[in-house]
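# Fold and geometry: a report
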Amino acid sequence: MWGFVSVPQIFIALLNKSCLMVQQVTDGVSIMVETFYQPGQSNPINSEYLFAYRITIENLTTYPVRLLSRHWHIIDSNGTHKEVEGEGVVGQQPVIMPGNSYQYASGCNLRTDIGKMYGTYLLENLFNKQNLTVIIPEFMLVVPAKLN
């Protein structure tokens, strides 16, 4: 069952009870995030919750871009706020040609069954060597039972 909420440039869908999706376009670059709770790798009794997320970066511009770095904000329902910064994603700094996309998967551990992440990517326009900051839209990390 699909449910959509549309906010300027942000699209949110509930794909099913265990997968949420958000999408946002910034300066011609689309960021789509899908999240998945990982029950087999979580241990709720010890307040350990693992979530996976898949990100698709689509270049809707007319020039190639290189992903230089990322900056994440990770917040759990206890209010714990962590920031993570680094070069590239999953050890790569991909070049994304116009009309193409790049996809990767990663994960996040939380101490609570609900949390959220958001952030930015720094990309370089390979045509004019200018940097652009692309928004990673806020997305929820939720144990499916909480969605009932």
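Up top is the structure.
### A look at the pairing of strand 7 (residues 81-87)
- Here strand 6 (residues 65-76) runs beside strand 7; their pairing, made up of seven bridges, is antiparallel. Residue pairing in the sheet places H73 in a bridge with E83 of strand 7.
- Two successive antiparallel strands, strand 6 and strand 7, enclose a turn made up of four residues, where G79 displays a positive phi of approximately 90 degrees.

### Some thoughts on the nonpolar core
- Core analysis: the largest hydrophobic core is formed by 30 residues, its most contacted members being I57, W72 and Y121.
- Elements represented by at least two residues in this core include exactly strand 4 (29-37), strand 5 (49-59), strand 6, strand 9 (101-110), strand 10 (114-125) and strand 11 (131-142).
- When residues no more than four places from it in sequence are discounted, the contact partners of I57 are V29, S30, I31, L67, I96, N100, S101, Y102, Y104 and Y121.

### A short note on the packing of aromatic side chains
- Considering all chains together, one arrives at six aromatic pairs under this definition.
- Here the aromatic rings of Y37 and F51 are separated by 5.3 Å at their centres, their planes lie at 50 degrees, and the arrangement is tilted. A residue pair is termed long-range when its members are at least 10 positions apart, and Y37 in strand 4 and F51 in strand 5 qualify at 14 residues.
- In this structure Y37 comes out as buried when scored by relative accessible area, which is 12%.

### What about the environment of G115?
- Turning to its location among the elements, G115 is positioned in strand 10.
- On a C-alpha basis, the gap between G115 and N78 in space is 8.6 Å, while along the polypeptide they are 37 residues apart.

### Overview of unusual backbone geometry
- Backbone geometry at S47 places phi at a positive 55 degrees, although glycine is not the residue there.
- Assignment of secondary structure puts S47 in the loop between strand 4 and strand 5.
- Positive phi, close to 40 degrees, is recorded for V90, a residue that is not glycine.
- With respect to the secondary-structure elements, V90 resides in the loop between strand 7 and strand 8 (95-96).
- Judged by relative accessible area, V90 falls into the partly exposed class, the value being 47%.

### Let's talk about the pairing of strand 10
- Pairing geometry for strand 6 and strand 10, over eleven bridges, is antiparallel. Bridging from a neighbouring strand, W72 pairs with G119 of strand 10.
- Pairing between strand 10 and strand 11: ten bridges, direction antiparallel. For K116, the partnering residue across the bridge sits in strand 11 and is M140.

### Some words on the environment of D76
- Inspection of the secondary structure puts D76 in strand 6.
- Look at D76 and you get buried, because its relative accessible area is 9%.
- Separated by 35 residues in sequence, D76 and R111 place their C-alpha atoms 7.1 Å apart.
- The contacts of D76, once residues within four sequence positions are left out, are L110, R111, T112, I114 and G115.
- A distance of 3.0 Å separates a polar side-chain atom of D76 from the backbone nitrogen of T80.

### Let's talk about the pattern of salt bridges
- Per the counting criterion, the structure on display carries two salt bridges.
- Its salt-bridge partner being R54, residue E34 comes within 3.0 Å of it at the nearest N-O pair. In this pair, E34 sits in strand 4 while R54 sits in strand 5, placing the two residues 20 residues apart along the sequence.
- Classification of E34 by relative accessible area gives buried; the value is 11%.

Calculation criteria
Residues numbered from 1 in each chain as written. Predicted model: local features only at pLDDT ≥ 70, side-chain atom pairs only at ≥ 80, totals over all residues. Heavy atoms only, no water. Pairing = 2+ DSSP bridges. Helix = DSSP H or I, 4+ residues; strand = E, 2+ residues; numbered from the N terminus. Core = buried A, V, L, I, M, F, W, Y, C linked by side-chain atoms within 4.5 Å. Buried < 20%, exposed > 50% of the residue type's maximum accessible area, 1.4 Å probe, protein only. Contact = heavy atoms within 4.5 Å. Phe/Tyr/Trp six-rings, centres within 6.5 Å; stacked < 30°, edge-to-face > 60°. Polar contact = N/O pair within 3.5 Å; in protein donor to acceptor, adjacent residues only side chain to side chain. Salt bridge = Lys/Arg side-chain N within 4 Å of Asp/Glu carboxyl O.

Function cannot be read off these values alone, since they describe shape.
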